[in-house]
Each structure stands twice: as structure tokens, then as C-alpha cells.
Amino acid sequence: MAELRAIRGERQPLFASVGAALKREIASGRFAQSELLPGERELSQMMEVSRTTLRRAIAVLVEEGVLVHRHGAGTFVRRSPPHVEQPLSRLTSFTEDMRLRGLAASSRVIERGAFLPTPDESMMLDIALSETVFRLSRLRLADGVPMAIERAAVPMRFLDSPEQVGDSLYAALDAAGFRPVRAVQRLRAVLVGAAEAALLDIPEGSPALDIHRVAYVADGRRVEFTRSTYRSDTYDFVAELTLPPNARPREGAQR
Ligand code: 16G
């Protein structure tokens, strides 16, 4: 464990050398397997420093955002989140988007089931307040890193049974013959509150993108209303802008 030992006799305080040694180890991928730091006692023995010194070093690294304490679970290395550029003109699903980028998509379900729609959902989906919707709220992760919170509502008539919805909502809609073919999306900048910040693993008050998507099936009926909160440090939505043909400079025009 020689490489984990802090270099004594440096001009900086010992806890700073311990912090620097830990950072070097993290950068070399030492804890990459689980991202979990060994326990305080084990680590202080490995580094041959007191637990008090170790605690001070860890506190600095937590403040710098290198490490993160997870209540009851331990101290983890904060993995730098994947950065994704998402074209605004393509109607794809989260699972497909991540797969295309070589990232593994996963979800943590927050709410799932059949409900009567909220007034907002009934209006956005253009359905009666008495028509049941399937609601699916999930934390979406890419390679285990939280990227977005998505709260989707789909009129039940587009799904044979809610149980058929597995990892991908669009795959289930596709299987039922109701894959969205068009969507209208509204993006807004917001600051995340405490609950969303905890789910997304970012500090409260961080900027995020609030996205509302209404998607349509081929015959024009509304199949999905989804409100999403995307971490703005991991997602760039990129739009291509073109001049309409009649406004383009005439072909062959010379300077
Ligand atoms: C995307 C959509 C979301 C849709 C989800 C389906 C945005 C902003 N949102 O994340 O509306 O419900 O894909 O993904 O792009 P899934 O098929 O992986 O469940």
C-alpha cells in the first residue's frame, strides 16, 4: 500500500498530503470498481495516518466534489457524469439514445400504476378526467449515473396491460402498435429543489432543464405526456436550424 501513504515532511499540512494521495489514487482508477472508499479504520491504517487526519482530508475532498457521502452507505468517489448531445429533431427513447452512445440505460421507478389523470394530464393528453392513465415516474440513469427524472402519463387504451411495460416505455408502445411518430417538446431552465436534487445526485438549486413532451401516434391522437427534469451538466439538446427554401440565396449567385 506504499502508494497510498501520504508523503510526510511535505510543506503542506498532513491532511492535505493525505487528500492529495487519495486524489492520485482515484485518478488512477483505484476505487473504480465499486466507487466506494474503504472504511475509515481500514483506510487510516493503509495510509498510516490517524482517523482524525483522514477525516479532515475526506471532508476537504467532499467539499471539492471529489467524494460524496451517501447516508448509511459510506463515502463514494463522485464519478464524472457522461455528457450527452441530443438532437432535438429526432424522436427517440431514452433507452435508444443511451444505447446509441454505448451507455447502459437503467431506471429506478418512483411511481407506477393506473390512475385517474390530473387536470394537467387530462388537458395535455386531450382525454376526459374519467379516463384512466398509466403513470410511470422514473429516475433515468446512464452507466449508473442519474441523468433525468421522467414522469410519463399514457392513456391506458394504448397499452393492453400496464404489466407489459418493461424497461422501455417506447418499446411497450411499439409492441402495442402505438409508437409515437411525432412530438412537441417545450424546454425551460429551472433550479432543482431538494427532493429532485437528491434523486439526481446534484446540489440543491443546481440548474436543470424542465422538458414537457406531448407525443402523437400516426392518426394524430395524443399518446404520451411526459414531464422531465434533465441535469444540465450532462445533457445538451442540439437543434439544427435551416432557412426555408424560398428565403435561400439563389443558386449560382456570385459575389
Ligand atoms: C425520452 C423522452 C420521454 C420518453 C422516454 C421513453 C425526452 C426529453 N424524453 O427520454 O418523453 O418517455 O424517452 O424512454 O427525450 P424509454 O422507452 O427508454 O422508456
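Refer to the preceding data block for the structure.
I will try to describe carefully the structure that is included in this document.

Definitions and limits used
Residues numbered from 1 in each chain as written. Predicted model: local features only at pLDDT ≥ 70, side-chain atom pairs only at ≥ 80, totals over all residues. Heavy atoms only, no water. Helix = DSSP H or I, 4+ residues; strand = E, 2+ residues; numbered from the N terminus. Contact = heavy atoms within 4.5 Å. Near = heavy atom within 4 Å. Polar contact = N/O pair within 3.5 Å; in protein donor to acceptor, adjacent residues only side chain to side chain. Areas by Shrake-Rupley, 256 points an atom, 1.4 Å probe, with all protein chains shown as cover. Nonpolar A, V, L, I, M, F, W, Y, C, P; charged D, E, K, R; others polar. Buried < 20%, exposed > 50% of the residue type's maximum accessible area, 1.4 Å probe, protein only. Arc of directions from axis to C-beta. Pairing = 2+ DSSP bridges. Axes fitted to C-alpha atoms, helices over the stretch in contact; angles between N-to-C directions. Salt bridge = Lys/Arg side-chain N within 4 Å of Asp/Glu carboxyl O. Expected span 1.5 Å × (residues − 1). Phe/Tyr/Trp six-rings, centres within 6.5 Å; stacked < 30°, edge-to-face > 60°. Lys NZ or Arg CZ within 6 Å of the ring centre and 35° of its normal.

**Comments concerning the side chain of Glu-121**
Point 1. Positionally, Glu-121 belongs in helix H5 (residues 119-125).
Point 2. Excluding residues that lie within four positions of it along the chain, Glu-121 makes contacts with Leu-116, Asp-126, Val-133, Arg-135, Ala-153, Phe-225 and Arg-227.

**Remarks on the site of the ligand**
Point 1. Within the structure, the ligand sits among 16 residues, and Thr-95, Glu-150, Ser-168, Leu-169 and Glu-224 are positioned closest to it.
Point 2. Within the contact set of the ligand, an oxygen atom lies 2.4 Å away from a side-chain nitrogen or oxygen of Glu-150.
Point 3. Within the side chain of Glu-224, an N or O atom sits 2.6 Å from an oxygen atom of the ligand.
Point 4. Here the ligand loses 99% of its free accessible area of 460 Å² to cover by the protein chains.
Point 5. At the level of elements, helix H4 (94-100), strand S5 (133-142), helix H6 (169-175), strand S8 (207-216) and strand S9 (222-231) are the ones that each hand at least two residues to the shell around the ligand.
Point 6. Here the residues of the shell around the ligand are counted per class, giving five nonpolar, five polar and six charged.

**A closer look at helix H2 (residues 40-47)**
Point 1. Regarding H2, the residues found buried are Leu-43, Ser-44, Met-46 and Met-47. In an axial view of H2, the angular spread of the buried residues amounts to 160°, which keeps them on one side of the axis. Residues of H2 that are exposed and angled more than 90 degrees away from the buried face: Arg-41 and Gln-45.
Point 2. Residues of H2 that are buried in the fold lie against helix H1 (14-27) and helix H3 (51-63).
Point 3. Looking one or two residues beyond H2, the residue adopting positive phi is Glu-48, at roughly 55°.

**With respect to the sheet that holds S5**
Point 1. An order of S4-S5-S6-S9-S8-S7 is seen for the six strands of this open sheet, with the pairing classed as antiparallel. Both edges of this open sheet fall to strand S4 (105-115) and strand S7 (182-191), since each of them pairs with a single strand only. Between one strand and the next, the sheet's axes are offset by a mean angle of 15°, whatever the strand orientation.
Point 2. In the sheet, S5 pairs with strand S6 (residues 145-155) via ten bridges, with the strands oriented antiparallel. Its bridge partner lying in S6, Arg-140 is registered against Ala-148.

**Digging into the environment of Pro-81**
Point 1. The topology assignment puts Pro-81 in the loop between strand S2 (74-77) and strand S3 (84-87).
Point 2. The exposure class of Pro-81 is partly exposed, given its relative accessible area of 25%.
Point 3. For the pair Pro-81 and Met-147, spaced 66 residues apart in sequence, the C-alpha separation works out to 8.1 Å.
Point 4. If near-sequence neighbours (up to four positions away) are discounted, Pro-81 is found in contact with Val-145, Arg-231, Asp-233 and Thr-234.

**Section: the pattern of salt bridges**
Point 1. Taken as a whole, this structure holds twelve salt bridges when the rule is applied.
Point 2. For Arg-140, the salt bridge identified is with Glu-150, shortest N-O distance 3.0 Å. Of this pair, Arg-140 sits in strand S5 while Glu-150 sits in strand S6, and the two are ten residues apart along the sequence. The two residues Arg-140 and Glu-150 agree in class, both being buried.

**Regarding H1**
Point 1. For H1, which comprises 14 residues, the first-to-last C-alpha distance of 20 Å matches the rise-based estimate of 20 Å (1.5 Å per residue) to within 8%.
Point 2. Looking at H1, one finds that the buried residues are Phe-15, Ser-17, Val-18, Gly-19, Ala-21, Leu-22, Glu-25 and Ile-26.
Point 3. The first or second residue beyond H1 is Gly-29, which carries a positive phi of 85°.

**What to know about the pairing of S8**
Sheet faces and side chains relate simply in a regular strand, where the side chains alternate between the two faces.
Point 1. Extensive coverage of S8 is indicated by the burial of nine of its ten residues.
Point 2. Inspection of the sheet shows S7 paired to S8 by ten bridges, in the antiparallel sense. In the strand pairing of S8, Ala-189 is matched with Leu-209.
Point 3. With nine bridges joining them, S8 and S9 adopt antiparallel strand pairing. Directly across from Ile-211, in S9, lies its bridge partner Ser-228.
Point 4. Hairpin geometry of S8 and S9 is characterised by an intervening segment of five residues between the two adjacent antiparallel strands and by a positive phi of about 95° at Gly-220.

**Thoughts on the packing of aromatic side chains**
Point 1. Applying the stated criterion across every chain, the model contains four aromatic pairs.
Point 2. When the centroid spacing of 4.9 Å and the interplanar angle of 70° are considered together, the rings of Phe-158 and Phe-178 count as edge-to-face. Linking Phe-158 in the loop between S6 and H6 with Phe-178 in the loop between H6 and S7, this pair joins segments that are 20 residues apart in sequence.
Point 3. Relative accessible area serves as the criterion here: at 22%, Phe-178 is assigned to the partly exposed category.
Point 4. With a centroid separation of 5.5 Å and 75° between ring planes, the pair formed by Tyr-230 and Phe-237 is classed as edge-to-face.
Point 5. Members of the aromatic cluster, joined through ring pairs, are Tyr-230, Tyr-235 and Phe-237.
Point 6. In this structure, Arg-135 packs its charged tip against the face of Phe-115, placed 4.5 Å from the ring centre.

That's the geometry; what it means functionally is another story.
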